[in-house]
Amino acid sequence: MFILHSSNQTEQLAESLARTLDRDGSSSLFEKEIFLIQSRGMERMLSQYLAEYFGVWCNALYFLPVQFIEYVSKLVGLTADDQIFHRDMLTWQLEAILRDLDDSSLRPLSAYLSGKQSSLKRFQLARQLANTFDQYQIMRMDLLDRWESGRLLTDDESEIWQKTLWAKLRVSLPGVFHRGEILSKLLVKLREIDRDQLMLPRRIFVFGLHTMPPLFLSSLHMLSQKLDVHLFLLAPCE
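Residues numbered from 1 in each chain as written. Predicted model: local features only at pLDDT ≥ 70, side-chain atom pairs only at ≥ 80, totals over all residues. Heavy atoms only, no water.

(A) Quick look at the sheet that holds strand E2 (residues 33-37). With parallel pairing, the five strands of this open sheet are ordered in space as E1-E5-E4-E2-E3. Where the open sheet ends on each side, the last strands, each with one partner, are strand E1 (2-7) and strand E3 (60-63). Adjacent strand axes in the sheet meet at a mean angle of 20 degrees when their direction is disregarded. As paired elements, E2 and strand E4 (residues 203-207) share four bridges and run parallel to each other. If you follow Ile37 over to E4, its bridge partner there is Phe207. With respect to the sheet, helix H1 (residues 10-24) is in contact with E1, E2, E4 and strand E5 (228-234), its orientation differing from that of E4 by roughly 170 degrees. (Pairing = 2+ DSSP bridges. Helix = DSSP H or I, 4+ residues; strand = E, 2+ residues; numbered from the N terminus. Axes fitted to C-alpha atoms, helices over the stretch in contact; angles between N-to-C directions. Contact = heavy atoms within 4.5 Å.)

See the structure below:
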């Protein structure tokens, strides 16, 4: 079941969380409570609040969204290593690709990457592109699917050289799934797997996530058919 808790104050959401935990309890003292959070600062705030509310607080797991997807993927047998497509790894992959601009579609980058401090400019561009491609994997699967089928989404010139760089990345990393592909495979697995096979507690708590990629929200929706998903949403009105 998908359960929505909404408030315009974080403190009220935390109180609602504590009351939910207090009311529903847990089937076992040894069963971990799982939280999806936006930041480690949110983890510290929740831990402190719950410790003050209950007198003691322990045996909880806090995941950032990507970490949660990795955790659940391993539980259902998806062991592909998407860390290769993490922005830190992509930076150096792209830096190496940008050393060779012979491809005609990459010529718009030549002017920027030439002249003084070309090495520094190449690294800075690679890092910015790695951040962009990291977001594309989760937020713009439609764009990447079009590129990999040889099509463009817009008439913008910058899309052409981005498409070429992405294609070169995929060639340099054969057989490796990017994060969007793993999420898509996870959705299929969650649709097929039984609740008893999932090895997750009977509920999870999503707290303080202000934005969610569509694929991630779909994964939570699919999980809600196997267990309770409590979404604590900070809203702008009372």
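(B) View of the nonpolar core. Counting residues in hydrophobic clusters, the biggest one holds 29 residues, and the most contacted among them are Leu36, Phe68, Ile204 and Leu223. Elements supplying a minimum of two residues to this core: E2, helix H3 (65-75), helix H9 (179-192), E4, helix H11 (214-223) and E5. Tallying contributions element by element places H11 first for this core, with five residues. What Phe68 contacts, discounting residues up to four positions off in sequence, is Ile34, Leu36, Phe63, Ile204, Phe216, Leu220 and Leu223. In this structure, Leu98, Leu169, Leu173 and Val176 belong to the second largest nonpolar core, which totals 24 residues. (Core = buried A, V, L, I, M, F, W, Y, C linked by side-chain atoms within 4.5 Å. Buried < 20%, exposed > 50% of the residue type's maximum accessible area, 1.4 Å probe, protein only.)

(C) Spotlight on unusual backbone geometry. Even without being a glycine, Asn59 presents a positive backbone phi close to 60 degrees. On the accessibility criterion, Asn59 (25% relative accessible area) is partly exposed. Not every positive phi belongs to a glycine, and Gln117 is a case in point at roughly 55 degrees. Considering the arrangement of structural elements, one finds Gln117 in the loop between helix H5 (110-113) and helix H6 (118-139).

(D) Representation of the side chain of Gln137 in the model. Take Gln137: it is sitting in helix H6. Its relative accessible area of 0% is what places Gln137 among the buried residues. Within the structure, the side chain of Gln137 is placed 3.0 Å from the backbone oxygen of Phe85, a separation counted as a polar contact. Dropping the residues within four chain positions of it, Gln137 is found in contact with Phe85, Leu90, Leu144, Trp166, His178, Arg179 and Gly180. (Polar contact = N/O pair within 3.5 Å; in protein donor to acceptor, adjacent residues only side chain to side chain.)

(E) Region of interest: the environment of Cys237. Of note, Cys237 is situated in the segment after E5. In sequence terms Cys237 and Arg122 are 115 residues apart; their C-alpha atoms lie 45 Å from each other.

(F) Structural context of the packing of helix H7 (residues 141-148) against helix H8 (residues 157-172). Where H7 meets H8, the axes come as close as 10 Å, and the angle between the chain directions of the two elements is 75 degrees. Taken together, the axes of H7 and H8 lie roughly perpendicular to each other. Of H8, the residues touching H7 (which contributes Leu143, Leu144, Trp147 and Glu148) are Glu159, Gln162, Lys163, Trp166 and Arg170. Its residues placed into classes, the contact of H7 with H8 shows four nonpolar, one polar and four charged. (Parallel < 35°, antiparallel > 145°, perpendicular 65-115°, else oblique. Nonpolar A, V, L, I, M, F, W, Y, C, P; charged D, E, K, R; others polar.)

(G) Structural context of the packing of aromatic side chains. Across all of its chains, the model carries 16 aromatic pairs by this definition. Taking the centre distance of 5.5 Å and the plane angle of 80 degrees together, the rings of Phe133 and Trp166 count as edge-to-face. Taken together, the residues span a long stretch of sequence, with Phe133 in helix H6 and Trp166 in helix H8 at a distance of 33 residues. Residue classification places Phe133 among the buried positions, given a relative accessible area of 0%. For the ring pair Tyr136 and Trp147, a centre distance of 5.8 Å and an interplane angle of 80 degrees mean the geometry is edge-to-face. Here Tyr136, found in helix H6, pairs with Trp147, found in helix H7; they are 11 residues apart in sequence, far enough to count as distant. (Phe/Tyr/Trp six-rings, centres within 6.5 Å; stacked < 30°, edge-to-face > 60°.)

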